[in-house]
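Understanding the architecture of this molecule
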Amino acid sequence: MAGVDSDPKTHPYEPTQISDVDSEPQTTTITEYKRHAVYSPREWLLESISSILALCLLIGIAIIFWYMDKRSLSDWRGGISLNATVSILTTACTTALMHGVSSFIGQSKWLHFKNGPRKLTDLETFDGASRGVWGSIMLLTTVKWNIATIGAFITILRLAFSPFAQQVVLIKQRDVISSADTATFGYAHNYTLSAQNRLSNSGIQSIPQDPDMQSAIFQGLYGVNTTEPFTCPGQCRWTESYVSLGFKAECRNVTQETLQAATCEGGEYSLQRCNMTTPGGVDVSTRYWATDLATSYYMNASSLVNLDPSNLGLPDTFPEIARFGIYRSSPDYNFIMRNINVTECSLFLTAYEYTGAKANGSDFSAKRREVDFGMKNPWAFLPDGRESKFQHVYTNESTSGDTHIPALGMSYAGLYAVVNFFQSTTMATEWVDGNFANTNLGVAATLIGDVDLGDRFDKMATSMTNYLRYGPNTQSAHGEKIQSEPFVFIRWRYFIVPIVTEGLAILFAILSILSNRQSRRVPLWKSSTLAVLACEHKEQLGLLQTTGKDLNEIEDEAKKAEVALR
């Protein structure tokens, strides 16, 4: 280096001039400058601030983790996302941490040379370690371990600081359950068919029909799948049990018993009529004319809700309200009756308990079981002093096992209306194959042939039950809304790496300050590159002779000096 008093542009580059300092006296002069005994903020101000800042940032990150652990992600109210916040904080933390670590590694090289003769290349090794990972690796592998070794490990661990801090946060979907008035499905404890606004002299056969009940009957018999009209804003559940009024059906094959009791009239070449009665007392009739016609379907219904004027109680058969006799056969081309089958079905008044109800989108499901009242007939008759069409049947509130059974009731007019509909030609009809004009079609089209009658009547009873649940006396079962939300789960084991890194940094700071106290007579030059200019290399003595200037003095002189490279 040379001063800039001469114009460098007028002189070509020349070989570097080497001064021989070996002719100086073979003595060393120890120069010192004023230092504080152990620690002074003035000496370690920036390093102290960066170390404290790094620690505060790490504590802040830990507080965020603690606050958000097992909380919904929506609880994070920050202007930026949680992950972005953690990323920013960890970056700031490592930046502040490495400022102090780099400075302490830089200062360690002076302590390294103060402790004894060292290779001059160690200056470059320490300088590289204060700047990055590769330099730290070189320090660990080429220089005997010393206090700077801790700083080298910190520099390497710093690479894992941010990834492990990010790995602490795990976001998983979790079901959040909350009560919701909009999550409802229907159930009913009563069914009342109003007979008002009718003439006072209307008999029991004139009770008005419920068109919605008729629709439910047809939907069940025709196997029409309907969606339960529940309401649910997404995904819902109902944790309680609900008892609802309903119907059930039972069917059995009575072919042999019925045919044995058949009586037929007519000749071989004339119309033959056969009358028979099922074991349950339902009349069934068929017709046959050789080579002309034959009955392939016949259904009749019998009412079991007619009150006995001499007895104000319910019939002995209650809660069975109707019986059905269905005759079916398959006449061949020779009009021979084949596959003759007679089925008897019964319709009962009952109640069901619904548990474990849940819904998702348009799907609804619930466990349904028939209520066990603990007796054959829990129903009682409640007259009100007027005609039978104004009476009611009911059950008292009771408990059966773990099931609480509320009071249930149904108007007798509703029962009559249902049975009247079954006995009408809309339902009780015949279908004759061959030369015959079928006018009363009824529901023959859906029950004829080999249709599973038990399944169809079960569907009919279920459809009627569902109508009661959502009919004129429906009640709403309020459930809970299940909403999937992202939740934050903190995996503290991954936070060990940032904690260890910060712990080593604090330890390194404390040891560095103590090791460079005044009594060690080490210049406080840290990682300054200008400090080398304040040393003289005495080759024969193998020494770096200091000038006794502190870092501030060196920097002040450097600001005043102007140099150029030759």
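Residues numbered from 1 in each chain as written. Predicted model: local features only at pLDDT ≥ 70, side-chain atom pairs only at ≥ 80, totals over all residues. Heavy atoms only, no water.

The protein goes by Acid phosphatase protein in an unreviewed UniProt entry, where it is assigned to Penicillium cf. viridicatum.

1. With respect to the nonpolar core
Residues Phe247, Ile321, Leu347, Val393 and Phe422 are the most contacted members of the largest nonpolar core, which totals 53 residues. For this core, the element with the highest residue contribution is helix H8 (residues 412-423), accounting for nine residues. Formed by 45 residues, the second largest nonpolar core is a distinct cluster that contains Ala54, Ala129, Leu140 and Trp525. (Core = buried A, V, L, I, M, F, W, Y, C linked by side-chain atoms within 4.5 Å. Buried < 20%, exposed > 50% of the residue type's maximum accessible area, 1.4 Å probe, protein only. Helix = DSSP H or I, 4+ residues; strand = E, 2+ residues; numbered from the N terminus.)

2. Observations regarding the pattern of salt bridges
Where side chains of opposite charge bring their charged atoms close, a pairing between them can arise. One pass over the structure, following the stated rule, counts 12 salt bridges. The residue arginine 237 makes a salt bridge to glutamate 480 at a minimum N-O spacing of 2.9 Å. With arginine 237 in strand S4 (residues 235-238) and glutamate 480 in strand S19 (residues 475-490), this pair connects stretches of sequence that are 243 residues apart. For glutamate 480, a relative accessible area of 23% gives the class partly exposed. Between arginine 287 and glutamate 430 there is a salt bridge whose closest N-O contact spans 3.1 Å. Taken together, the residues span a long stretch of sequence, with arginine 287 in strand S8 (residues 283-289) and glutamate 430 in strand S18 (residues 430-434) at a distance of 143 residues. The burial state of arginine 287 is the same as that of glutamate 430; both residues are buried. (Salt bridge = Lys/Arg side-chain N within 4 Å of Asp/Glu carboxyl O.)

3. Let's talk about the state of the cysteines
Between two cysteines, a covalent bond joining their sulfur atoms is known as a disulfide. In total, this model carries three disulfides according to the counting rule given. Across the disulfide, cysteine 251 is cross-linked to cysteine 345 (sulfur-sulfur distance 2.0 Å). For the disulfide bridge between cysteine 251 and cysteine 345, the dihedral angle about the S-S bond is near 110°, and by the sign convention the bridge is right-handed. Of this pair, cysteine 251 sits in strand S5 (residues 242-253) while cysteine 345 sits in strand S11 (residues 337-360), placing them 94 residues apart in sequence. The disulfide partner of cysteine 264 is cysteine 274, and the gap between their sulfur atoms is 2.0 Å. Residues cysteine 264 and cysteine 274 are joined by a disulfide whose S-S torsion is about 110°; by sign, that bridge is right-handed. Placement of cysteine 264 in strand S6 (residues 263-265) and of cysteine 274 in strand S7 (residues 272-277) is noted, with a sequence separation of 10 residues between them. With a relative accessible area of 9%, cysteine 274 lands in the buried category. Once the disulfide-bonded cysteines of the protein are ranked by sequence position, their pairing pattern turns out to be 1-2, 3-6, 4-5. The thiol sulfur of cysteine 56 is not disulfide-bonded, and the nearest other cysteine sulfur, from cysteine 93, lies at 9.7 Å. (Disulfide = S-S within 2.5 Å.)

4. Re the UniProt feature "transmembrane region" (unreviewed entry) in the protein
The UniProt entry lists residues 44-68, 80-105 and 492-514 under the feature "transmembrane region" (unreviewed entry), expressed in the numbering used here. End C-alpha to end C-alpha, residues 44-68 measures 36 Å, and it is 96% helix and 0% strand. End-to-end, the C-alpha atoms of residues 492-514 are 33 Å apart, and along that stretch the chain is 83% helix and 0% strand. (UniProt positions renumbered as here; feature names shortened; annotations may be inferred.)

5. Structural notes on the pairing of strand S9 (residues 293-303)
Burial analysis of S9 places 10 of its 11 residues in the buried class, the great majority of the element. Looking at chain direction, S8 and S9 are connected through two bridges and run antiparallel. Of the residues in S9, the one forming a bridge with tryptophan 289 is leucine 293. Two successive antiparallel strands, S8 and S9, enclose a turn made up of three residues, where threonine 291 displays a positive phi of approximately 60°. Examined bridge by bridge, S9 and S18 share five bridges and lie antiparallel to one another. Bridge assignment links alanine 294 to a residue of S18, and that residue is aspartate 433. Here S9 pairs with strand S10 (residues 320-331) via seven bridges, running antiparallel. Along S10, the bridge assignment pairs methionine 299 with isoleucine 326. (Pairing = 2+ DSSP bridges.)

6. Structural notes on the packing of helix H5 (residues 147-168) against helix H11 (residues 496-515)
Contact pair H5 / H11: the axes reach a minimum separation of 8 Å and the direction vectors enclose 155°. In terms of axis orientation, H5 runs roughly antiparallel to H11. In terms of crossing hand, the pair formed by H5 and H11 is left-handed. On H11, the residues that touch Ile147, Ala148, Ile150, Gly151, Ile154, Leu157, Ala160, Phe161, Phe164 and Ala165 of H5 are Val497, Pro498, Val500, Thr501, Leu504, Ala505, Phe508, Leu511, Ser512 and Ser515. Tallied by class, the residues present in the contact of H5 with H11 amount to 16 nonpolar, four polar and no charged. (Axes fitted to C-alpha atoms, helices over the stretch in contact; angles between N-to-C directions. Parallel < 35°, antiparallel > 145°, perpendicular 65-115°, else oblique. Left-handed = near helix turned anticlockwise from the far one by under 90°. Contact = heavy atoms within 4.5 Å. Nonpolar A, V, L, I, M, F, W, Y, C, P; charged D, E, K, R; others polar.)

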